[in-house]
Amino acid sequence: MDFDQALPVIFMALMGLSMLVYVVSDGYDLGVGMLMHRASDTDKDVMLASIGPFWDANETWLVLGVGILLVAFPKAHGLVLGELYLPVALMLVGLTLRGVAFDFRVKARDTHKLTWDRLFFAGSLLASVAQGWMLGRYVSGFGVGWNYPLFAAAIAVALPMAYVLMGAAWLIMKTEGELQERAVAWARIAWAPMVGGLVLISMATPWVSPTVRERWFALPELIALMAIPLMTAGCLLAVRALLRTRQVRGPLCWLPFVLLVLVFVLGFLGLAYSLYPYVVLDQLTIWDAASSPEALKVILVGVCISVPAIAGYTVFSYRVFRGKTGELKYA
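The structure displayed is predicted, hence computed values, not measured ones.

**So, the overall build of the protein**
The secondary structure content of the protein amounts to 14 helices and two strands. Principal-axis analysis of the C-alpha atoms places the extent of the protein at approximately 55 × 40 × 40 Å. Within the protein, contacts between residues at least 6 apart in sequence are counted, and of these 79% link residues at least 24 apart.

**Thoughts on the side chain of Ser274**
Note on placement: Ser274 falls in helix α12 (residues 255-275). Of note is the side chain of Ser274, whose polar atom sits 2.7 Å from the side chain of Trp216. Other than its neighbours up to four places away in sequence, Ser274 contacts Val212, Arg215, Trp216 and Leu281.

**Describing the confidence of the model for the protein**
The predicted model of the protein has a mean per-residue pLDDT of 87, with 97% of residues at 70 or higher. Per-element confidence in the protein ranges from a low mean pLDDT of 81 for helix α10 (residues 221-225) to a high of 93 for helix α11 (residues 227-242).

**Digging into the packing of aromatic side chains**
Each aromatic ring pair is described using two quantities: the centre-to-centre distance and the angle formed by the ring planes. Summed over all chains, the structure comprises 11 aromatic pairs. An aromatic cluster of three or more residues is present, and its members are Tyr28, Phe54, Trp170, Phe257, Tyr318 and Phe321. One cation-aromatic arrangement involves Arg215 over Tyr273; the distance from NZ or CZ to the ring centre is 4.6 Å.

**A closer look at the environment of Tyr313**
Turning to its location among the elements, Tyr313 is positioned in helix α14 (residues 293-320). A relative accessible area of 47% means that Tyr313 is categorised as partly exposed. Taking C-alpha positions, Tyr313 is 8.1 Å from Ala57, a pair spaced 256 residues apart along the chain.

**Brief notes about the environment of Val9**
With respect to the helices, strands and loops of the structure, Val9 is situated in helix α1 (residues 3-34). Val9 sits in the partly exposed class, given a relative accessible area of 24%.

**As for the packing of helix α7 (residues 147-174) against helix α8 (residues 177-208)**
Between α7 and α8, the shortest axis-to-axis distance is 7 Å and the interhelical angle comes to 150°. As far as their axial angle goes, α8 and α7 are roughly antiparallel. Regarding α7 and α8, the two cross each other, and that crossing is left-handed. Of the residues that constitute the contact of α7 with α8, the class distribution is 24 nonpolar, four polar and no charged.

**Let's talk about the pattern of salt bridges**
Oppositely charged side chains can form a pair if their charged atoms are brought close together. Applying the stated rule across the entire model yields seven salt bridges. The partner of Lys113 in a salt bridge is Asp45, with the nearest N and O atoms 3.6 Å apart. Of the two residues, Lys113 sits in helix α6 (residues 110-139) while Asp45 sits in helix α2 (residues 41-51), which places them 68 residues apart along the sequence. Since its relative accessible area comes to 23%, Lys113 is described here as partly exposed. Residue classification places Asp45 among the buried residues on the basis of a relative accessible area of 17%. Its salt-bridge partner being Glu181, residue Arg246 comes within 3.7 Å of it at the nearest N-O pair. Taken together, the residues span a long stretch of sequence, with Arg246 in the loop between α11 and α12 and Glu181 in helix α8 at a distance of 65 residues. You can call Arg246 exposed: its relative accessible area is 58%. Since its relative accessible area comes to 33%, Glu181 is described here as partly exposed. Linked through salt bridges whose partners overlap, the residues forming this network are Asp43, Glu178 and Arg182.

**Things to note about the nonpolar core**
Ranked by size, the top nonpolar core spans 89 residues in total, and within it Phe11, Met47, Phe73, Trp170, Trp186 and Val279 carry the most contacts. Those residues in contact with Trp170, other than ones at most four positions away along the chain, are Tyr28, Val32, Ser50, Ile51, Phe54, Phe257 and Tyr318. Ile155, Ala158, Ile201 and Val208 belong to the second largest nonpolar core, which has eight residues in total.

**Brief notes about a nonpolar patch on the surface**
Among the surface-exposed residues, Trp146, Leu150 and Trp207 lie close enough to one another that they form a single nonpolar patch of about 410 Å² accessible area. For Trp146, the position within the fold is in the loop between α6 and α7.

**Considerations on helix α4 (residues 74-83)**
Within α4, the full set of buried residues consists of Ala76, His77 and Val80. Considered in projection along α4, the buried side chains sweep an arc of 105° and stay on one side of the axis. Those residues of α4 that are exposed and angled more than 90 degrees off the buried face are Lys75 and Gly82.

**Focus: the environment of Phe121**
Summarising the element assignment, Phe121 is placed in helix α6. A relative accessible area of 24% places Phe121 in the partly exposed class. Taking the C-alpha atoms as reference points, Phe121 and Val32, separated by 89 residues in sequence, lie 8.7 Å from one another. Contacts of Phe121, omitting those with residues within four sequence positions, involve Gly33, Met34 and His37.

**Some remarks on unusual backbone geometry**
In this chain, Tyr276 is followed by Pro277 through a cis amide linkage whose omega measures 10°. Structurally, Pro277 is set in the loop between α12 and β1 (278-280). One non-glycine residue, Phe142, lies in the positive phi region at around 55°. Assignment of secondary structure puts Phe142 in the loop between α6 and α7. The phi dihedral of Asp282 is positive, around 65°, even though this residue is not glycine. Along the polypeptide, Asp282 turns up in the loop between β1 and β2 (284-285).

Criteria and cut-off values
- Residues numbered from 1 in each chain as written.
- Predicted model: local features only at pLDDT ≥ 70, side-chain atom pairs only at ≥ 80, totals over all residues.
- Heavy atoms only, no water.
- Helix = DSSP H or I, 4+ residues; strand = E, 2+ residues; numbered from the N terminus.
- Contact = heavy atoms within 4.5 Å.
- Polar contact = N/O pair within 3.5 Å; in protein donor to acceptor, adjacent residues only side chain to side chain.
- pLDDT = per-residue confidence, 0-100.
- Phe/Tyr/Trp six-rings, centres within 6.5 Å; stacked < 30°, edge-to-face > 60°.
- Lys NZ or Arg CZ within 6 Å of the ring centre and 35° of its normal.
- Buried < 20%, exposed > 50% of the residue type's maximum accessible area, 1.4 Å probe, protein only.
- Axes fitted to C-alpha atoms, helices over the stretch in contact; angles between N-to-C directions.
- Parallel < 35°, antiparallel > 145°, perpendicular 65-115°, else oblique.
- Left-handed = near helix turned anticlockwise from the far one by under 90°.
- Nonpolar A, V, L, I, M, F, W, Y, C, P; charged D, E, K, R; others polar.
- Salt bridge = Lys/Arg side-chain N within 4 Å of Asp/Glu carboxyl O.
- Core = buried A, V, L, I, M, F, W, Y, C linked by side-chain atoms within 4.5 Å.
- Patch = residues over 30% accessible without salt bridge, like charges linked within 9 Å, V, L, I, M, F, W, Y side chains within 5 Å.
- Areas by Shrake-Rupley, 256 points an atom, 1.4 Å probe, with all protein chains shown as cover.
- Arc of directions from axis to C-beta.

Printed below as a string of structure tokens:
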């Protein structure tokens, strides 16, 4: 494969990496938002403080991923957003609600603060459900038939539960005292629905897509592919075991979150294996959807500048605001 042929693969990998980072990073703060209704007023302030320095930067990765899709794969961009116009609009409404609620709740009177908290919860839930539906439709190649919307609806239910578990794990890592105890309890509650949804979706995916079924169960690839579900099961069982220990409230408070990040990474690897070489399953390959090699070379220059800058800022923000979260304060 020469450089011109490799360019679309490079951009597909960058787009996938951007979406993975977004799902992991914005996933936990969407999860924190969906846990708001279970917390006291004091706890809500600490929960928002735990995600305050990061949530804007987290969403930058979504913009990067969609931007790469637009400029590097314009044919796929038109097809994907054409099929997902409504859920994309609902996701943006949810993300906008979150941003408005986050900034306005501090300026609201006590009688109105609860309203902004509810809007923050509603925006988090709406964005999560919309993302789940979009993922389900995309993975199934936008197939036509009763089983495809049912599959997408299952993921629309399961993904918010995964985000809630991530959010609880984040709070275990970032908080102390009573809120940390509540976060452990929330994680225990969310673990079973998340795992159950993951198992059912994994069973349904080869059912809705013959292409995926052929790739998953072909020998000898099946033997190597088994490492992904086995490692995923090991990580999830380890999270469950950790939630029953006292160490998770102390020196091992970071480990459930790291294990759940690994679960998402393994899921991404499985998805990438299932879809390659398609940008849209069974419709457009990476090379069919890509811009011209000349255009991709120009775009690559911009990517070589922007991606390190975004990554550097993200790493810097997490380094500066590492450690436990204190009470929320506004200037």
